[in-house]
Amino acid sequence: MSHRSRQLKVSSLARVEGEGALRVRVDGGRVERAELNIYEPPRFFEAFLRGRAHTEPPDITARICGICPVAYQTSACNAIEDACGVTLDPGIAEARRLLYCGEWISSHALHIHLLHAPDFLGHPDAISLATRHRDVVERGLALKKAGNTLLETIGGRAIHPVNVRVGGFYSLPTRADLRPLAETLRRALDDALATVRWTAGFEFPEVELDHDLLAASEPGRYAIADGTLRTASGPAFAPREFPEHVVETQVPHSTALHASLDGHRYLTGPLARYTLNSALLPETARQAAAEAGLGSVCRNPFRSILVRGVEIVYAIEEALRIIDAWERPPRPSVEVPPRAGTGHGISEAPRGTLYHRYEIGADGLIRAATIIPPTSQNQAAIEADLRRVVEDHLDLGDAELTDLAERTIRNYDPCISCAAHFLDITWEGR
Amino acid sequence: MPTPTLAVWKFASCDGCQLTLLDCEDELLELAGRVRIAHFLEAFSTVVPGPYDVSLVEGSITTAADLRRIQEVRAASKTLITIGACATAGGIQALRNFADVREFASIVYANPHYVDTLATSTPVAAHVPVDYELHGCPIDRGQLLGTITALLAGRAPDLPDTSVCTDCKRRGVTCVLVAGGTPCLGPVTRAGCGALCPGVGRGCFGCFGPMAKPNTPVLIPLLRSRGLSEGDVDRVFSTFTVTETRREEP
């Protein structure tokens, strides 16, 4: 079987966010080509952000992705506040982190239960899975709902929150407002721990990958909404140095640009965060990880489902910590008067590091914008994995091998809408 | 009676409106028992060939291939419902309609000739007949469920065509424009969100698009008197439903 030429093809990838396809060509026992094609139509955000007010990117860039709008809002705010030389009050920064926890919970619960778990249990979707394991799917949906409840309580809406602004929020809740949310999250913590235990029982194909890794990092805590950049290979660097390390290039088979870190392939997202920062996880999350068989590093992309579960546990713990200590800040936002300059912002979207850069004029209008989403950064690593996994399993028949190839892509929870909408190259505004 | 089939389609969009269906956490499993989800790539690997009783269409038309695909979706669907600002108005990506798309592509891509794109982003209704439209960026979950429920019961969905002001009154939210001095598009924007922005002390920014007969000429001086510059006023009408709200140059 390994001597003939084989083509594996999935024209429309399912259970991923956005429009993509995969193509693999095998010749004489070697993978000649392994491509993730992104044919999602481009939407040109970076072009039409020019000339917009410096207050607008949180609302506009949220529309890049309905699944991780808070990531876009946060990276945009971080970049614009950096450009304008503004620092948030501590309570406002905590509220931003709290909101972000909701997105991690909701997005990871969606991926684990509705998109990823069916692969491990031989089901085409979660509804089919529910015919055998209704309680598990219901638990997953409850967990996802808890994340959305947090997003609605702090953000005013789960998809494209309305309460976020440059400098903070339009309004912030009182301690009493947060009491029902805390109850919901306490129940969700049990569901999250049960989810980690459940996924720990899955069978994982054996593969260890050696990509470089990139994730935000903060002193003393597992980074979410801000930080500096850590890699597996070199010294840490600040968000403003991102363009010196990460370079994007266009390839013909994708409307998403491919990125490289200091000239080589790398990975961002749950595996990178966990491997670089797992020592900073608090007790409950660390214990859940240990019980699920995770060590201090995880380099098997099929096991990313475990890491997502552990990150849900962490996000709930962190949200509860913030709520327990909550005192409504004296003001919901700080003033951010515009000034001429360039700002850089990063945050950890559920799928990995999301970088924004804005050049703002003294009139407060945006001169240039650059957005580098995680999925475009991960494309080269995804394709390398695809090649490796197919080469390791050439003994499988076409249907099984195609299935495994599709699973290899789904491991990354790729956000193809993000990738296509944001790909950008280094360019200077006019 | 056979189980009705539901299909979900994506064109140029952020996936947020189809995600709204998955965000019906309490209803999803029951819904899946009452309709057969026949095509929904975001969450289902199995694809059942058409025709479909109801199609939900997210996203705007921005490529030649999608121009053909929307015709096929229409032909395969008994009832076609567009969901969200991209499908009903072209979305924020329709800002290209007022610019040079080749220049836009050159800003984002080094080799723009690899990129297949039309010069415009247009709503689905510009190309095929649409039975119902759910507005919003994103759509409202309650409105989506209400619409599916109505169709299952064989009646037309009840979709509001008043302004956000009626939502504010219903919720008892103090007027941010009159009492708070905050610029607000609520008086000219379709109801349906439940007055989310005024609820957090923010002016409506129009993500549900203009109501049937918006009295915009009366609102604009009010916006200016609440501190918006001429440029701000232009920008606030040039967002998620820009094809419906773009002010004509004098």
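Keep in mind that what you see is a predicted model, and the values were worked out from it rather than measured.

1. Considering the overall build of chain B
In terms of regular secondary structure, chain B is built from eleven helices and five strands. What you see for chain B is a C-alpha radius of gyration of 19 Å, in line with the 18 Å of a compact globule of 250 residues. Each of the three principal axes of chain B carries a C-alpha extent, and together these read 60 × 50 × 25 Å. Burial status across chain B gives 50% buried among its 250 residues. Within chain B, contacts between residues separated by at least 24 positions form 73% of all contacts whose residues are at least 6 apart in sequence.

2. Remarks on the pairing of strand S3 (residues 30-38) of chain A
Residue and element names in this part refer to chain A. Summarising the sheet, strand S2 (residues 20-27) and S3 pair through eight bridges and their orientation is antiparallel. Paired with Arg23 across the bridge in S3 is Glu35. Hairpin connection of S2 to S3: two residues between the antiparallel strands, including Gly28 at a positive phi of 55°.

3. Description of the sheet that holds S2(A)
Residues and elements named next belong to chain A. If you trace the three strands from one edge of the open sheet to the other, you get S1-S2-S3, paired in antiparallel fashion. Two strands lie at the open edges of the sheet, namely strand S1 (6-10) and S3, each paired on one side alone. Neighbouring strand axes in the sheet, compared pairwise and without regard to direction, differ in orientation by 10° on average. Across the face of the sheet, helix H12 (residues 374-392) comes into contact with S2 and S3 while running at roughly 140° to S3.

4. Let's talk about the nonpolar core
In this structure, Ile105(A), Val310(A), Val313(A), Leu386(A) and Val57(B) are the most contacted members of the largest nonpolar core, which totals 199 residues. Considering each element in turn, this core owes the most residues, 14 residues, to helix H4 (residues 90-121) of chain A. Contacts of Val310(A), omitting those with residues within four sequence positions, involve Val196(A), Ala285(A), Ala288(A), Ala289(A) and Leu294(A).

5. Some thoughts on the packing of helix H10 (residues 283-291) of chain A against helix H11 (residues 304-324) of chain A
Residues and elements named next belong to chain A. The contact between H10 and H11 brings their axes to 8 Å, and the two run at 165°. It follows that H10 is roughly antiparallel to H11 by the angle criterion. Remark: the crossing between H10 and H11 carries right-handed chirality. Judged by residue contacts, Thr284, Ala285, Ala288 and Ala289 of H10 engage Val310, Val313, Tyr314 and Glu317 from H11. Here the contact of H10 with H11 is built from residues that sort into six nonpolar, one polar and one charged.

6. Focus on helix H7 (residues 164-171) of chain B
Residue and element names in this part refer to chain B. Among the residues of H7, those classed as buried are Val164, Cys165, Asp167 and Cys168. The arc that holds every buried residue of H7, seen down its axis, measures 160°, which confines them to one face. Where H7 is buried, its residues touch helix H8 (196-199).

7. Structural notes on the confidence of the model for chain B
Taken residue by residue, chain B gives an average pLDDT of 93. The fraction at 70 or more is 95%. Our summary of model confidence lists the complex with pTM equal to 0.95 and ipTM equal to 0.96.

8. Remarks on H4(A)
All names here are of chain A. In this model, H4 (32 residues) spans 45 Å end to end at C-alpha, consistent with the 46 Å of a helix rising 1.5 Å per residue. The sharpest bend along H4 comes to roughly 35°, located at Ile112. With respect to burial, H4 is a largely interior element, 27 of its 32 residues being buried. Positive phi appears at Gly122, one or two residues downstream of H4, with a value of about 70°.

9. Some details on the interface of chain B and chain A
Taken together, the contact pairs 49 residues of chain B with 53 residues of chain A. Among the secondary structure elements, those contributing two or more residues to the side of chain B that touches chain A are helix H1 (16-22), helix H2 (28-34), helix H5 (101-108), H8 and helix H10 (230-236) of chain B. Considering every element that reaches the side of chain B that touches chain A, the biggest residue donor is H1(B), with five residues. Residues belonging to the side of chain B that touches chain A are distributed by class as follows: 28 nonpolar, eleven polar and ten charged.

10. Let's talk about the environment of Val137(A)
All names here are of chain A. Summarising the element assignment, Val137 is placed in helix H6 (residues 134-155). Given 23 C-beta atoms within a 10 Å radius, Val137 is considered buried. Spatially, the C-alpha atom of Val137 lies 22 Å from that of Glu291, the residues being 154 residues apart in sequence.

11. Notes on the sheet that holds strand S11 (residues 341-349) of chain A
Strand-to-strand pairing in sheets goes through backbone hydrogen bonds, with the strands running parallel or antiparallel. Residues and elements named next belong to chain A. One open sheet holds the three strands; their spatial order is S11-S12-S13, and the pairing between them is antiparallel. The open sheet has two edge strands, S11 and strand S13 (366-372), and neither has a second partner. On average, adjacent strands in this sheet sit at an angle of 15° to one another, irrespective of strand direction. In the sheet, S11 pairs with strand S12 (residues 352-360) via nine bridges, with the strands oriented antiparallel. Across the sheet, the residue bridging to Gly345 is His356, located in S12. This element, helix H3 (residues 69-83), spans S11 and S12 of the sheet and lies at about 150° to S11. Contacts between H12 and the sheet are confined to S11, S12 and S13, with S12 contributing the most and set at about 130° to the helix.

About the cut-offs
Residues numbered from 1 in each chain as written. Chains lettered and ligands numbered in written order. Predicted model: local features only at pLDDT ≥ 70, side-chain atom pairs only at ≥ 80, totals over all residues. Helix = DSSP H or I, 4+ residues; strand = E, 2+ residues; numbered from the N terminus. Rg over C-alpha atoms; globule rule 2.2 N^0.38 Å. Buried ≥ 20, exposed ≤ 12 C-beta atoms within 10 Å, placed from the backbone. Contact = placed C-beta atoms within 7 Å. Pairing = 2+ DSSP bridges. Axes fitted to C-alpha atoms, helices over the stretch in contact; angles between N-to-C directions. Core = buried A, V, L, I, M, F, W, Y, C linked by C-beta atoms within 7 Å. Parallel < 35°, antiparallel > 145°, perpendicular 65-115°, else oblique. Left-handed = near helix turned anticlockwise from the far one by under 90°. Nonpolar A, V, L, I, M, F, W, Y, C, P; charged D, E, K, R; others polar. Arc of directions from axis to C-beta. pLDDT = per-residue confidence, 0-100. Expected span 1.5 Å × (residues − 1). Bend = angle between axes of the 7 residues up to and from the residue.

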